[in-house]
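Letter by letter, the chains look like this.
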Number of protein chains: 4
Amino acid sequence: MIFSSDNWAGAHPAIAESLVKAAPGFAAAYGTSALDRKVEGLFSEIFERDVAVFFVATGTAANSLGLASVTRPGGHVFCHTEAHVNADECGAPEFFSLGARMAAVDGAFGKMDPQKLAAQIARFQPGNVHAGQPMAVTLTQATEAGTVYSLDEIAAISEVAKARDLPLHMDGARFANALVALGATPAEMTWKRGVDMLSFGGTKNGCWCAEALVFFHPGEIGDFAYLRKRSAQLFSKTRFVSAQLEAYLEGDLWLDLARHANAMASRLATGIGASNSARLAWQGDANELFVILKSDTAEALRAKGAVFYDWPVPSSLMLDSDEGLYRLVTSFATAPEEVDGFLQAIAA
Amino acid sequence: MIFSSDNWAGAHPAIAESLVKAAPGFAAAYGTSALDRKVEGLFSEIFERDVAVFFVATGTAANSLGLASVTRPGGHVFCHTEAHVNADECGAPEFFSLGARMAAVDGAFGKMDPQKLAAQIARFQPGNVHAGQPMAVTLTQATEAGTVYSLDEIAAISEVAKARDLPLHMDGARFANALVALGATPAEMTWKRGVDMLSFGGTKNGCWCAEALVFFHPGEIGDFAYLRKRSAQLFSKTRFVSAQLEAYLEGDLWLDLARHANAMASRLATGIGASNSARLAWQGDANELFVILKSDTAEALRAKGAVFYDWPVPSSLMLDSDEGLYRLVTSFATAPEEVDGFLQAIAA
Amino acid sequence: MIFSSDNWAGAHPAIAESLVKAAPGFAAAYGTSALDRKVEGLFSEIFERDVAVFFVATGTAANSLGLASVTRPGGHVFCHTEAHVNADECGAPEFFSLGARMAAVDGAFGKMDPQKLAAQIARFQPGNVHAGQPMAVTLTQATEAGTVYSLDEIAAISEVAKARDLPLHMDGARFANALVALGATPAEMTWKRGVDMLSFGGTKNGCWCAEALVFFHPGEIGDFAYLRKRSAQLFSKTRFVSAQLEAYLEGDLWLDLARHANAMASRLATGIGASNSARLAWQGDANELFVILKSDTAEALRAKGAVFYDWPVPSSLMLDSDEGLYRLVTSFATAPEEVDGFLQAIAA
Amino acid sequence: MIFSSDNWAGAHPAIAESLVKAAPGFAAAYGTSALDRKVEGLFSEIFERDVAVFFVATGTAANSLGLASVTRPGGHVFCHTEAHVNADECGAPEFFSLGARMAAVDGAFGKMDPQKLAAQIARFQPGNVHAGQPMAVTLTQATEAGTVYSLDEIAAISEVAKARDLPLHMDGARFANALVALGATPAEMTWKRGVDMLSFGGTKNGCWCAEALVFFHPGEIGDFAYLRKRSAQLFSKTRFVSAQLEAYLEGDLWLDLARHANAMASRLATGIGASNSARLAWQGDANELFVILKSDTAEALRAKGAVFYDWPVPSSLMLDSDEGLYRLVTSFATAPEEVDGFLQAIAA
């Protein structure tokens with residue numbers, strides 16, 4: 001009953017196999033092998049336009065290098081207060097963009113409120129060097145609260161960004177989970193709504209290590225290849241990332257895995273909704289649930305082998321003093337039996 | 001007949017298998033799983049003392065983060081002119097250490113000359129803020145010239161560094177190749193000769209992506225864990241690096257693979273030594289050879305399918321106008337037949 | 001009627017004279033002249049202990065380099081939301097400390113609330129590399145809201161910082177104004193209350209360019225001299241900063257100038273308190289007032305030659321729709337006649 | 001007999017007076033006062049075209065920020081081995097440009113050899129991310145060896161830079177000394193020969209602190225104003241820099257001061273040329289001389305009150321074992337009597 005994080009899951013067998021298949025023989029290094037080129041082509045197919053794809057080692061790297069690539073002095077990157085770049089990356093975005101500030105914007109359920117975003121941006125008057133300057137907007141899809149921006153909500157954020165000519169970045173550590181939740185195409189959820197670059201995450205959804213930064217305007221990437229190398233993020237044997245992504249993308253495996261993860265979260269949510277001893281803090285849309293439990297109940301569940309994290313209580317949420325907030329994450333590897341076992345344990 | 005680089009080789013079957021074995025099931029993320037702990041223990045065993053081990057994505061990352069961890073303002077890192085940190089990392093060591101300068105020291109055959117090193121360090125007078133200050137010394141083992149520092153040569157470099165209290169880093173991208181060339185133990189080639197930290201490379205010797213920074217004084221690493229995270233180098237599913245290294249280290253597979261690579265280089269060297277149409281530019285000790293060929297010969301070899309790189313001619317090397325310098329690299333995956341085929345092609 | 005900022009004032013005649021006196025002759029450069037040494041001694045006298053003093057070019061430099069000197073990766077510097085480091089330095093503290101984050105703490109009247117500070121620090125659990133780590137606390141004295149922390153309030157902030165071993169920095173751009181407002185000694189307002197380093201500002205109070213970073217534990221400054229030089233903040237002809245500070249400090253000129261500036265603000269406050277067409281947004285303690293005026297009134301005042309800035313309205317302040325918030329700053333150079341002229345203009 | 005450095009000199013009386021004149025009254029801060037605008041206009045007049053001028057605190061800042069403004073990842077800045085940016089700035093250019101490397105180019109008498117420069121640039125192949133990329137060229141005028149590039153020599157360097165589209169920066173810490181040595185106009189020595197930006201130094205030539213970065217293509221400076229602010233180099237009371245420069249530039253005072261300094265060096269050189277106990281290491285063109293003395297002689301001169309520095313002996317210079325190399329610098333403040341006294345002391 002492991003609901004701690006989707007990065008506690010391993011690798012999907014098809015992806016493991018693909019790596020084994022790629023093991024023998026020689027191939028050009030540093031992203032120039034035939035397989036690398038093929039996978040780049042897959043990305044362009046999936047996104048229905050020419051894109052530039054750069055593999056990096058971690059989601060933090062994808063976010064940080066993407067934002068660094070549009071850095072200007074005194075820059076402010078607008079993000080949700082709970083965004084990974086703001087809360088969980090140990091200052092990497094600030095470091096790689098040389099001191100850019102993550103400017104936190106509030107909004108319910110993990111989503112930036114476009115009006116608040118607009119208001120915060122509006123406070124920066126062009127030419128006021130003391131205050132600094134707006135640099136970029138980044139949104140997380142699916143959000144850290146387990147919710148998913150609708151296409152219209154993405155467009156609304158995008159509109160605010162474009163009004164000030166700010167590039168729009170999407171942190172897609174759980175891109176596939178959001179995509180299947182919306183039933184949208186990759187193009188619809190990104191560049192067709194004004195997203196300029198995407199941190200495309202495969203690791204949480206069945207890969208071992210497959211993170212890519214996708215640029216939707218390949219003509220504008222400048223010397224990003226140098227930036228990645230200087231950031232120590234250029235793998236030599238890139239074929240092994242490509243091999244993972246080949247298996248991940250072909251035959252829509254990635255969407256199937258995400259559908260499974262979301263379905264498991266849904267099954268869990270339904271069970272919790274029917275329970276007397278647990279309730280959802282808010283509705284999730286993808287593969288993360290935030291659940292209110294009595295502390296005793298949480299302890300009892302953990303004693304029975306359930307693994308999940310305590311979560312900081314947002315100020316908007318009112319809990320009884322003997323209650324706590326907990327995060328449950330499902331993944332491609334979550335078995336229905338684990339879900340049902342957890343629900344039975346709650347019922348007990 | 002691929003002799004371009006050892007990073008054109010794939011992965012050894014035992015390492016591929018180990019990854020497949022690690023694929024199913026759940027495991028704690030970010031370096032805290034049982035397998036991660038086990039592999040850390042293996043490192044301590046192999047080095048015969050408690051060490052701290054941090055996985056990173058690339059050799060450039062291992063070098064850069066290691067040097068960054070001992071950074072001070074105005075710092076100079078002394079390295080050989082041809083060192084990877086100086087010639088092939090696009091300024092990553094400078095970037096991560098915030099402007100530290102790679103101070104190039106000459107020396108024959110890719111090895112720093114200890115007297116020249118001492119002379120360059122001596123030019124920095126404590127307190128002269130204009131000139132900056134010595135910060136660290138780094139040596140590459142095996143060197144970029146395919147040679148290997150003897151244990152005494154390492155000790156000589158170390159003595160110079162210690163006389164000014166400078167930490168000594170070793171770039172071990174080809175650590176195993178050097179180790180078996182010397183017939184030394186890992187301890188003898190590192191901390192017993194004064195090495196304080198090591199970039200331990202597994203990728204070039206049969207792994208897919210297995211690079212680690214090893215600290216020999218674990219009590220002095222400060223908040224390196226934060227530095228790595230901020231550098232976007234903390235993998236989430238670390239078990240997959242550990243799985244590679246488990247297979248790599250157990251049963252001395254790593255040493256066997258390096259022995260094979262070195263033996264192939266030796267076989268190649270012997271053949272070239274006996275040839276009329278090729279000669280070694282200098283004697284190599286590990287798995288890289290530097291060969292002088294007539295340009296016509298090089299072209300003919302490539303036409304027959306041989307892959308190898310042109311190499312910049314050091315000023316100390318005198319070539320005829322129709323000759324060029326070429327680098328040949330062997331690896332765990334180099335078959336004797338390829339070597340012999342290449343030698344026959346030269347003879348033809 | 002210039003109330004825009006104390007940096008619109010020029011230089012006090014005694015300071016101008018001191019510079020002229022220092023103009024002829026030769027003197028050792030880079031902070032080693034007899035006059036430089038003398039002024040360092042003055043600082044130690046004034047603060048009643050040995051201190052280390054480093055001149056820099058701007059208050060932003062003093063703040064940024066001070067904080068940079070205690071930087072660690074993923075570091076968070078806790079400051080008031082309106083602090084200069086957070087609101088007016090274009091990311092310089094983040095840049096010089098390589099990505100440290102300014103972590104804004106709320107509190108009424110420009111002062112950090114110690115309980116909120118403690119709560120925010122408490123959210124960082126040692127060893128959680130994702131969240132980063134607390135690095136320093138900085139308070140501004142006098143604050144950006146024109147208020148002054150009492151000695152007990154400083155001690156309360158200090159206590160919270162020390163409980164987590166965080167160094168405490170004071171931004172003293174208006175140090176003298178705060179000092180005379182409290183009637184405290186420099187020692188009492190700093191190290192006797194746990195302040196570890198101070199940005200000592202002379203520019204706003206009658207100098208041309210005299211900013212210093214003062215360390216109260218000179219044994220712990222490491223290689224700060226290198227950090228300053230690398231930051232391009234080491235003046236060559238330091239005697240001219242020293243000359244300003246000699247005149248500034250001797251005979252308590254600095255305190256007299258600050259007393260005058262504060263008295264002018266007080267005179268203005270009294271007049272505004274008695275007025276029907278203006279009111280104070282809150283009580284100021286030093287040389288800055290925040291005043292609520294009808295927009296029409298503000299416009300009329302400006303038409304009569306008054307110069308002052310609009311100010312963002314804090315969310316805690318309720319204004320009528322035809323009102324605005326304005327900042328008025330007095331300085332050593334403010335004449336009583338200007339104050340009275342302004343008050344008459346309001347009355348009209 | 002102070003020949004240690006031109007920054008040991010004080011301030012010229014006319015400049016001191018100008019500061020006193022600027023002391024009273026209020027003026028807009030941060031470079032927006034009438035005087036600031038006037039001085040910007042003077043620069044455009046002097047350079048015979050519209051220029052953008054940014055004051056900074058130090059020559060190191062002017063160099064570092066100028067180079068930082070054209071920074072790209074993995075960048076190499078080509079400079080002479082003895083250039084200030086390479087030898088005397090504690091890594092500031094690397095820090096502000098985030099790890100750019102100072103790539104040292106040799107050349108006789110402190111001047112880069114254009115052919116060597118071309119050869120070094122040629123080693124960087126576009127797209128080779130490992131090696132990094134050329135970013136800028138910087139030359140020092142007058143050089144650190146006391147020589148002056150002729151207009152043709154500047155054009156030759158410029159041509160090499162332009163062939164690779166590299167911006168050309170000039171470190172003009174001793175700009176005036178070079179200018180009067182050549183008898184050229186400011187325009188002829190800069191943009192008419194392809195210089196894109198200039199560190200214009202006034203401090204060494206009679207100001208207290210007056211350094212400016214001059215851009216000859218004001219339309220291409222992007223958000224340099226933010227870069228300067230983020231670098232903590234934006235003075236608040238800029239009128240006091242402007243006041244110095246107003247006096248410095250008006251009536252060609254700056255050229256007169258430089259002519260005097262150069263004349264004193266010339267007088268010194270003539271005397272040394274006629275001496276039996278001293279000789280010039282090479283011919284200087286401006287206000288620095290490099291002199292070979294027996295160590296005994298140097299000691300005796302110092303005993304008589306002469307102040308000058310030992311200088312590192314270039315490998316191209318052959319000295320007897322009892323000889324040393326010494327630098328003598330004259331300035332606007334050097335009296336002929338001091339020169340003659342020194343020459344008499346040598347003769348004695």
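If you're wondering where the values come from, they're calculated on a predicted model, not measured in any experiment.

Another point: the interface of chain B and chain A. Listed as interface residues are 50 residues of chain B and, on the opposing side, 50 residues of chain A. Buried area between chain B and chain A, summed over both chains or domains, comes out near 4,000 Å², and the portion from carbon and sulfur atoms is 67%. Together, Phe26, Phe95 and Lys237 of chain B form the three largest contributors to the area buried by chain B at its contact with chain A, with a combined 20%. Inspection of the region where chain B meets chain A yields zero salt bridges. Every element with two or more residues in the side of chain B that touches chain A is listed here: α1 (13-22), α3 (59-68), α5 (92-96), α10 (224-230) and α11 (239-249) of chain B. The residue makeup of the side of chain B that touches chain A, split by class, is 29 nonpolar, 13 polar and eight charged.

Counting residues at the interface gives 50 residues for chain D and 50 residues for chain C. Between chain D and chain C we count zero salt bridges in total. The interface formed by chain D and chain C holds 26 residue pairs in polar contact (both at pLDDT 80 or more) in total. Listing elements by their share of the side of chain D that touches chain C, those giving two or more residues are α1 (13-22), α3 (59-68), α5 (92-96), α10 (224-230) and α11 (239-249) of chain D. Residue composition of the side of chain D that touches chain C, by class: 29 nonpolar, 13 polar and eight charged.

Moving on: the sheet that holds strand β11 (residues 323-329) of chain B. Residues and elements named next belong to chain B. The strand order across the open sheet built from four strands is β8-β9-β11-β10, with neighbouring strands paired in antiparallel fashion. The outermost strands of the open sheet, each flanked by one partner alone, are β8 (278-280) and β10 (309-310). In this sheet, strand β9 (residues 288-294) lies alongside β8 in antiparallel orientation, the contact comprising three bridges. Within β9, the residue paired with Leu280 across the bridge is Val291. Contacts from helix α13 (residues 295-303) reach β9, β10 and β11 within the one sheet, and its direction differs from that of β9 by about 115°.

Residues and elements named next belong to chain B. In terms of burial, strand β4 (residues 133-140) is largely enclosed, as eight of its eight residues are buried. As defined by bridge partners, strand β2 (residues 75-80) adjoins β4 across four bridges and the pair is classed as parallel. Of the residues in β4, the one forming a bridge with Gly75 is Gln133. In the sheet, β4 pairs with strand β5 (residues 168-172) via four bridges, with the strands oriented parallel. Across the sheet, residue Val137 finds its bridge partner in β5, namely Leu168. On the question of chirality, the crossover connecting β4 to the parallel β5 by way of helix α7 (residues 151-163) is right-handed.

What follows is about the packing of aromatic side chains. All chains considered together, the criterion is met by 92 aromatic pairs over all chains. Ring geometry for Phe215 of chain B and Phe224 of chain B: centres 4.9 Å apart, planes at 70°, overall edge-to-face. Here Phe224 of chain B falls in the buried class, since its relative accessible area comes to 1%. Here the aromatic rings of Trp282 of chain C and Phe290 of chain C are separated by 5.0 Å at their centres, their planes lie at 20°, and the arrangement is stacked. Above the face of the Phe308 of chain A ring, Arg302 of chain A is positioned so that its terminal group lies 4.4 Å from the ring centre.

For the coordinates displayed, the defined rule picks out 57 salt bridges over all chains. Of the charged contacts in the structure, one is a salt bridge between Asp322 of chain B and Lys294 of chain B, with a shortest N-O distance of 3.6 Å. In this pair, Asp322 of chain B is assigned in the loop between β10 and β11 and Lys294 of chain B in strand β9, connecting sequence segments 28 residues apart. Residue classification places Asp322 of chain B among the partly exposed positions, given a relative accessible area of 35%. Judged by relative accessible area, which is 39%, Lys294 of chain B ranks as partly exposed. A single network of salt bridges, built from pairs that share partners, joins Asp6, Arg174, Glu288 and Arg327 of chain A.

Our focus in this paragraph is the confidence of the model for chain A. Taken as a whole, chain A shows an average pLDDT of 96; of its residues, 100% reach a score of 70 or greater. Here the predicted complex scores 0.97 on pTM and 0.97 on ipTM.

This part is about α11 of chain D. Residues and elements named next belong to chain D. Of all eleven residues that make up α11, eleven are buried, and the element is covered over most of its length. Residues of α11 that are buried include every one of Arg239, Phe240, Val241, Ser242, Ala243, Gln244, Leu245, Glu246, Ala247, Tyr248 and Leu249, and no others. Elements that come into contact with the buried residues of α11 comprise α1, α2 (34-47), β1 (52-56), α8 (175-182), β6 (197-201) and α12 (253-273). Of the residues one or two after α11, Gly251 is the one with positive phi, at around 65°.

Glancing now at the domain arrangement of chain A. Residues and elements named next belong to chain A. Domain parsing of chain A yields domain 1 (14-252) and domain 2 (254-347). Of note, the centres of domain 1 and domain 2, computed from C-alpha atoms alone, are 28 Å apart. Listed as interface residues are 24 residues of domain 1 and, on the opposing side, 18 residues of domain 2. Roughly 1,800 Å² of surface becomes buried between domain 1 and domain 2 when both sides are summed, with 59% attributable to carbon and sulfur atoms.

For the rest of this paragraph, the subject is the side chain of His130 of chain A. Tracing the backbone shows His130 of chain A in the loop between α6 (114-122) and β4 (133-140). Overall, His130 of chain A belongs to the buried group, its relative accessible area being 17%. Leave out the neighbours within four places in its chain, and His130 of chain A touches Ala87, Asp88, Glu89 and Cys90 of chain C together with Tyr30, Lys229 and Leu234 of chain D.

Let's shift gears to the sheet that holds strand β10 (residues 309-310) of chain C. Residues and elements named next belong to chain C. What the four strands build is an open sheet, ordered β8-β9-β11-β10; its pairing is antiparallel. The open sheet terminates on both sides in strands that have one partner only, identified here as β8 (278-280) and β10. With two bridges joining them, β10 and strand β11 (residues 323-329) adopt antiparallel strand pairing. Within β11, the residue paired with Tyr309 across the bridge is Arg327. Sheet strands in contact with helix α12 (residues 253-273) are β8, β9 (288-294) and β11, and its direction is about 25° off that of β9.

The transformation that overlays chain B on chain A combines an axial shift of 0.0 Å with a rotation of 180°, and the residual RMSD is 0.0 Å. The relationship between the two copies is best expressed as a two-fold rotation axis. Using C-alpha coordinates, one finds that chain B approaches the rotation axis most closely at Ala57 of chain B, a distance of 3.1 Å. Both copies share a contact surface, since 100% of the interface residues of chain B are interface residues in chain A too.

Conventions we followed
Residues numbered from 1 in each chain as written. Chains lettered and ligands numbered in written order. Predicted model: local features only at pLDDT ≥ 70, side-chain atom pairs only at ≥ 80, totals over all residues. Heavy atoms only, no water. Contact = heavy atoms within 4.5 Å. Buried area = accessible area lost by both parts, 1.4 Å probe. Salt bridge = Lys/Arg side-chain N within 4 Å of Asp/Glu carboxyl O. Helix = DSSP H or I, 4+ residues; strand = E, 2+ residues; numbered from the N terminus. Nonpolar A, V, L, I, M, F, W, Y, C, P; charged D, E, K, R; others polar. Polar contact = N/O pair within 3.5 Å; in protein donor to acceptor, adjacent residues only side chain to side chain. Pairing = 2+ DSSP bridges. Axes fitted to C-alpha atoms, helices over the stretch in contact; angles between N-to-C directions. Buried < 20%, exposed > 50% of the residue type's maximum accessible area, 1.4 Å probe, protein only. Right-handed = clockwise from strand over helix to strand, strands pointing away. Phe/Tyr/Trp six-rings, centres within 6.5 Å; stacked < 30°, edge-to-face > 60°. Lys NZ or Arg CZ within 6 Å of the ring centre and 35° of its normal. pLDDT = per-residue confidence, 0-100. Domains from an automatic or database assignment. Least-squares fit on C-alpha atoms with pLDDT ≥ 70 in both.

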